[in-house]
Amino acid sequence: MNASQMELQDLSINTIRFLAADAVEKAKSGHPGTPMGLAPLAYVLWKVFLKHNPKNPKWEDRDRFILSAGHASMLLYSLLYLTGYDLTLEDIKQFRQWGSRTPGHPEYGHTPGVETTTGPLGQGFANGVGMAMAQRYLAAYFNREGHKIVDHYIYCIASDGDMMEGITSEAASLAGDLGLGKLIYFYDNNHITIEGPTDLAFSEENVKKRFEAYGWQVLVGHHGTDIDTIEHLIKQAHSEERKPSLIIVRTHIGYGSPKQDTAAAHGAMLGEEDLKLTKQKLDWPLEPSFYVPPEVLSHYREALKEGEEAEKEWNMRFAKYAKEFPKLAKDWHKFMAGELSEGWDKDLPDFDPKGGPIATRTASGEVLNTVAAKLPNLIGGSADLAPSTDTYLKGLGDFLKGDHKGRNLHFGVREHAMGAILNGMYLHGGIIPFGATFLIFSDYMRPPIRLAALMNIPVVFVYTHDSIGLGEDGPTHQPVEQLIALRAIPNMTVIRPADANETREAWVYALTNRKGPVILVLARQKVPVLDQKKYGSAKNLNKGAYILSGTKNPPQVILIATGSEVALALASQEKLAEQNVSSSVVSMPSVELFDAQPQEYKDRILPPSIKARLVIEAASPKGWRDYVGLEGDVIAINRFGASAPGPVAMENLGFSVENVVNHALALIKKTKESTNTVQ
Ligand SMILES: Cc1ncc(C[n+]2csc(CCOP(=O)(O)OP(=O)(O)O)c2C)c(N)n1
Ligand SMILES: [Mg+2]
């Protein structure tokens with residue numbers, strides 16, 4: 001490399017540093033130090049290795065780049081702008097401002113080129129593992145001898161905080177077990193977190209040995225500014241195909257500034273004086289701020305031509321592939337568009353009451369297996385609970401090291417990583433992912449559930465053992481507050497079907513409404529299959545609530561129930577009828593879907609004139625006042641459950657016909673009195 005090339009390289013690296021420092025300075029908020037330390041690594045990765053086309057951020061065979069340390073977002077925004085994505089210098093100047101395309105942390109779907117939303121540490125790390133799993137499955141499905149249609153890397157930069165988070169250990173352990181050779185991760189080992197030096201809480205000097213124990217190849221770069229070594233290490237990572245690689249790079253937060261190597265460089269602007277000193281030290285013009293030397297811009301913008309050529313070359317290879325394998329090529333387009341194969345829903349089971357009661361988890365397993373046989377892009381698994389959650393795809397193989405064709409994923413007992421991996425699989429493209437565990441353990445994976453909702457990505461989360469009705473395992477396993485906690489997440493659709501046919505419709509909804517995540521909440525215990533000739537059709541599930549069993553004249557009381565409590569509501573309705581009390585039963589599998597209906601529909605299901613409304617749900621009562629008002633009543637659970645056979649626990653906590661009838665009668669009396677008082 002000659003002197004002018006060296007100079008261009010230095011200028012290119014410093015451009016990233018000062019775009020970050022200037023943007024944080026202008027916003028008076030953000031994280032300048034990390035991009036400053038990482039700039040050389042990012043430069044070499046993006047300039048020499050990253051296969052991408054800035055003009056088409058969705059090109060299927062691009063390398064994926066994840067900034068798991070999302071607080072260093074200015075690093076990513078700088079790279080996106082410099083290499084020619086649809087992001088301008090003006091956008092950079094609007095860093096962290098209302099409505100800007102450069103929010104505090106990278107947000108998927110908001111800024112072109114951002115592959116996933118990061119910020120909550122550890123999530124990006126695990127997303128990448130999901131992307132690599134999706135990639136391996138697609139490679140196994142599509143690649144043929146001499147035709148490597150799927151051939152890209154997943155790169156990720158992780159920080160000290162990422163390395164401390166438990167989810168990282170979960171995901172790394174699985175990635176090693178699966179031998180995900182296309183994963184190339186960087187550990188930004190700068191020895192600093194917010195409170196100070198990492199050894200305040202992290203004396204794990206040997207992250208290297210930890211990752212080796214996980215089955216990773218671990219490489220070490222002692223100087224974050226030594227680009228030749230970093231380049232060499234990345235090449236070494238490329239040549240290891242059977243293990244993921246972690247490249248540990250010793251960097252210096254706030255490089256070049258008076259705050260270098262201190263926590264002060266992490267999360268606040270450098271300040272006018274220090275910024276000036278840093279610019280002087282690194283030989284950077286003080287004015288103008290946001291300075292991008294023209295030769296630097298054209299140097300980075302070579303990515304445009306290179307990217308276009310790379311994609312063109314791939315398109316040509318794909319055309320040859322399509323000629324030789326027309327059926328696979330057709331599948332490819334379907335997979336990438338997230339389409340369901342024609343006739344996917346033809347043989348869906350129609351459950352008959354004559355078959356006897358059936359747990360909704362069991363019905364779900366039947367539906368899932370029927371559709372999976374026709375949807376090769378549907379893959380998923382559970383966190384070591386496939387037999388209990390009924391999510392095993394029979395005869396469709398296991399996804400294992402060295403054999404990535406199988407469609408059953410074994411996450412091990414790693415719920416948190418499972419959630420983020422599912423997100424990553426969807427974000428990679430080509431996959432309809434689902435994952436399962438007990439509803440109680442949704443708590444173990446709440447961060448990725450929330451991020452799925454924030455990103456509006458259609459991941460299907462399957463949660464069984466959904467109430468105290470699960471029985472003897474007791475209060476540690478019996479969900480109480482989980483339903484309302486999940487319903488509280490914006491953009492989330494929670495569906496708790498009443499019986500087998502509603503469960504079928506819940507899956508149909510989850511697979512056809514690909515606008516955001518769906519949570520299926522299923523019972524362990526058997527529930528009756530509701531007679532479709534006698535009651536309202538389960539096909540109404542997509543309206544969120546419907547009249548399951550109505551009355552000719554307005555009922556004296558409306559019983560609203562979800563999931564396994566719907567059968568209880570129906571039994572109570574019969575008992576009330578024996579006492580000449582008229583009631584209707586509304587099945588309400590999804591409050592979110594009901595909320596989205598036109599007012600006219602809502603008023604039809606819950607007429608405003610009828611104040612006697614009684615909700616029955618074996619979970620926290622929170623939230624139900626929205627539907628029953630202050631006058632109505634809720635039979636719910638305001639305590640933890642108890643270890644006992646399911647029916648006994650249910651009975652003792654108020655889920656009996658007798659208790660429902662008593663509440664209904666009292667409610668009718670109370671609402672009548674209050675109406676009289678008003679008159
Ligand atoms: C799950 C989670 N917990 C806490 C935070 C708040 N936070 C942001 S960065 C950070 C740690 C900073 O240290 P490091 O990860 O080493 O990043 P660096 O300062 O070196 O860039 C913390 C605790 C977060 N973003 N995510
Ligand atoms: Mg750090």
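Model, not experiment: these values are computed from the prediction.

Digging into the site of ligand 1
- Neighbouring ligand 1 are 15 residues, the closest being Thr34, His71, Ser159, Asn190 and His266.
- Gly119 is positioned such that a nitrogen or oxygen atom in its backbone is 2.8 Å from a nitrogen atom of ligand 1.
- Take His266: an N or O atom from its side chain is 2.5 Å from an oxygen atom of ligand 1.
- In the complex, the protein chains occlude 73% of the 570 Å² of accessible area that ligand 1 would expose alone.
- Elements represented by at least two residues in the shell around ligand 1 include exactly helix H6 (160-164) and strand E4 (192-193).
- Looking at the shell around ligand 1 residue by residue, the class counts come to five nonpolar, eight polar and two charged.

Comments concerning the side chain of Ser159
- Mapped onto the elements of the fold, Ser159 is located in strand E2 (residues 154-159).
- Owing to a relative accessible area of 7%, Ser159 belongs among the buried residues under this scheme.
- Those residues within four positions of Ser159 in sequence are excluded, and the remaining contacts are Ala69, His71, Leu121, Tyr187 and Asp188.

With respect to unusual backbone geometry
- Residue Pro288 follows Glu287 across a cis peptide bond; omega there is -10°.
- Residue position: Pro288 is located in the loop between helix H10 (272-281) and helix H11 (294-324).
- The phi torsion at Asn456 lies on the positive side, around 60°, for a residue other than glycine.
- Relative to the elements of secondary structure, Asn456 occurs in the loop between helix H16 (446-455) and strand E12 (460-464).
- Here Asn456 falls in the partly exposed class, since its relative accessible area comes to 37%.

Focus: the coordination of the magnesium ion (ligand 2)
- Around the magnesium ion (ligand 2), the donor atoms from the protein are Asp160 (OD), Asn190 (OD1) and Ile192 (O), and they sit 2.1 Å away.
- Positions of the donor residues of the magnesium ion (ligand 2), expressed as sequence spacing, correspond to D-x29-N-x1-I. Highlighted residues: Asp160 in helix H6 and Asn190 in the loop between strand E3 (183-189) and E4, separated in sequence by 30 residues.

Here we look at the nonpolar core
- Judged by nonpolar contacts, the single largest core of 77 residues is most densely connected at Phe125, Val129, Met133, Phe211, Trp216 and Leu246.
- The greatest single-element share of this core, amounting to 11 residues, is contributed by helix H5 (residues 123-142).
- When we break this core down by domain, the ones giving at least three residues each are domain 1 (3-308) and domain 2 (353-527).
- Contacts of Phe125, omitting those with residues within four sequence positions, involve Ser68, Cys156, Ala158, Met163, Thr168, Ala171, Ala172, Tyr185, Phe211 and Trp216.
- One finds Val24, Ala42, Tyr43 and Leu270 within the second-largest nonpolar core, a separate group that totals 58 residues.

Section: the domain arrangement of the protein chain
- Examined at the domain level, the protein chain breaks down into domain 1 (3-308), domain 2 (353-527) and domain 3 (544-678).
- Centre-to-centre separation of domain 1 and domain 2, based on C-alpha positions: 33 Å.
- Facing the 32 residues of domain 1 at the interface are 34 residues of domain 2.
- With both sides pooled, the region where domain 1 packs onto domain 2 buries about 2600 Å², and carbon together with sulfur makes up 68% of that total.
- Contact with domain 2 buries area across many residues of domain 1, yet Tyr108, Tyr137 and Glu170 alone supply 23% of it, more than any other trio.
- One can count zero salt bridges joining domain 1 with domain 2.
- Between the two partners, domain 1 and domain 2, sit 10 residue pairs in polar contact (both at pLDDT 80 or more).

Considering the pairing of strand E6 (residues 217-221)
- When you tally the buried positions in E6, you get four out of five residues, the bulk of the element.
- Sheet topology places E6 next to strand E7 (residues 245-250); five bridges connect them, and they run parallel. Along E7, the bridge assignment pairs Leu219 with Ile247.
- At this point the chain moves from E6, through helix H9 (residues 227-239), to the parallel E7, and the crossover so formed is right-handed.

Digging into the sheet that holds E12
- On the basis of which strands lie adjacent, the open sheet formed by six strands has the order E10-E9-E11-E12-E14-E13 and parallel pairing. Every other strand in the sheet has two partners, leaving strand E10 (408-410) and strand E13 (493-495) as the edge strands with one partner each. Across the sheet, the axes of successive neighbouring strands diverge by a mean angle of 20°, strand direction being ignored.
- Relative to strand E14 (residues 518-521), E12 is paired through four bridges, and the arrangement is parallel. Counted as the bridge partner of Val460 is Val518 from E14.
- Against the sheet, helix H18 (residues 500-512) engages strand E9 (378-382), strand E11 (432-438), E12, E13 and E14, with an angle of about 165° to E14.

A word on the sheet that holds E3
- Pairing is parallel in the open sheet, where five strands are placed in the order E1-E2-E3-E7-E6. With one partner strand each, in any of the chains shown, strand E1 (64-67) and E6 form the two edges of the open sheet. Taken over all neighbouring pairs, the strand axes of this sheet differ in orientation by 15° on average, direction set aside.
- As defined by bridge partners, E2 adjoins E3 across six bridges and the pair is classed as parallel. Paired with Tyr155 across the two strands is Ile184, which belongs to E3.
- Packing of H5 onto the sheet brings it into contact with E1, E2 and E3, and relative to E3 it is tilted by some 170°.

Focus on the packing of aromatic side chains
- For the structure on display, the rule yields 30 aromatic pairs.
- Arranged with centres 4.7 Å apart and planes meeting at 65°, the rings of Tyr141 and Phe142 form a pair that is edge-to-face.
- Taken together, a centroid distance of 4.9 Å and an interplanar angle of 35° make the contact between Tyr141 and Phe335 tilted. Here Tyr141, found in helix H5, pairs with Phe335, found in helix H12 (residues 326-337); they are 194 residues apart in sequence, far enough to count as distant.

Looking at helix H15 (residues 415-428)
- Between its first and last C-alpha, H15 extends 20 Å over 14 residues, near the 20 Å set by a 1.5 Å rise per residue.
- For H15, the tally of buried residues reaches 13 of 14 residues, placing the bulk of the element in the interior.
- The positive-phi residue at the C-terminal boundary of H15 is Gly429, with phi of around 100°.

Re the environment of Gly397
- Relative to the assigned elements, Gly397 resides in the loop between helix H14 (386-389) and E10.
- Using a relative accessible area of 30% as the deciding quantity, one classes Gly397 as partly exposed.
- Note: C-alpha distance between Gly397 and Leu409 (12 residues apart in sequence) is 9.2 Å.
- When neighbours within four sequence positions are excluded, Gly397 is seen to be in contact with Tyr392, Gly406, Arg407 and Asn408.

Some details on the packing of helix H3 (residues 73-83) against H11
- Axis separation between H3 and H11 bottoms out at 7 Å; the angle between their running directions is 80°. In terms of orientation, H3 and H11 fall into the roughly perpendicular class. On the side of H3, the interface is formed by Tyr81, Leu82 and Thr83, while H11 contributes Leu297, Tyr300, Arg301, Ala303 and Leu304.
- Of the residues contributing to the contact of H3 with H11, the split by class is six nonpolar, one polar and one charged.

As for the side chain of His465
- Looking at where His465 falls in the secondary structure, it is placed in the loop between E12 and helix H17 (482-487).
- Here the side chain of His465 touches Thr464 through a polar contact of 2.9 Å, side chain to side chain.
- Apart from residues lying up to four places away in sequence, His465 is in contact with Arg361, Ser388, Phe438, Leu439, Leu470, His477, Pro479, Leu522, Ala523 and Arg524.

How each quantity is defined
- Residues numbered from 1 in each chain as written.
- Chains lettered and ligands numbered in written order.
- Predicted model: local features only at pLDDT ≥ 70, side-chain atom pairs only at ≥ 80, totals over all residues.
- Heavy atoms only, no water.
- Near = heavy atom within 4 Å.
- Polar contact = N/O pair within 3.5 Å; in protein donor to acceptor, adjacent residues only side chain to side chain.
- Areas by Shrake-Rupley, 256 points an atom, 1.4 Å probe, with all protein chains shown as cover.
- Helix = DSSP H or I, 4+ residues; strand = E, 2+ residues; numbered from the N terminus.
- Nonpolar A, V, L, I, M, F, W, Y, C, P; charged D, E, K, R; others polar.
- Buried < 20%, exposed > 50% of the residue type's maximum accessible area, 1.4 Å probe, protein only.
- Contact = heavy atoms within 4.5 Å.
- Donors = N, O, S within 2.8 Å, 3.2 Å for Na, K, Ca; no water.
- Core = buried A, V, L, I, M, F, W, Y, C linked by side-chain atoms within 4.5 Å.
- Domains from an automatic or database assignment.
- Buried area = accessible area lost by both parts, 1.4 Å probe.
- Salt bridge = Lys/Arg side-chain N within 4 Å of Asp/Glu carboxyl O.
- Pairing = 2+ DSSP bridges.
- Right-handed = clockwise from strand over helix to strand, strands pointing away.
- Axes fitted to C-alpha atoms, helices over the stretch in contact; angles between N-to-C directions.
- Phe/Tyr/Trp six-rings, centres within 6.5 Å; stacked < 30°, edge-to-face > 60°.
- Expected span 1.5 Å × (residues − 1).
- Parallel < 35°, antiparallel > 145°, perpendicular 65-115°, else oblique.

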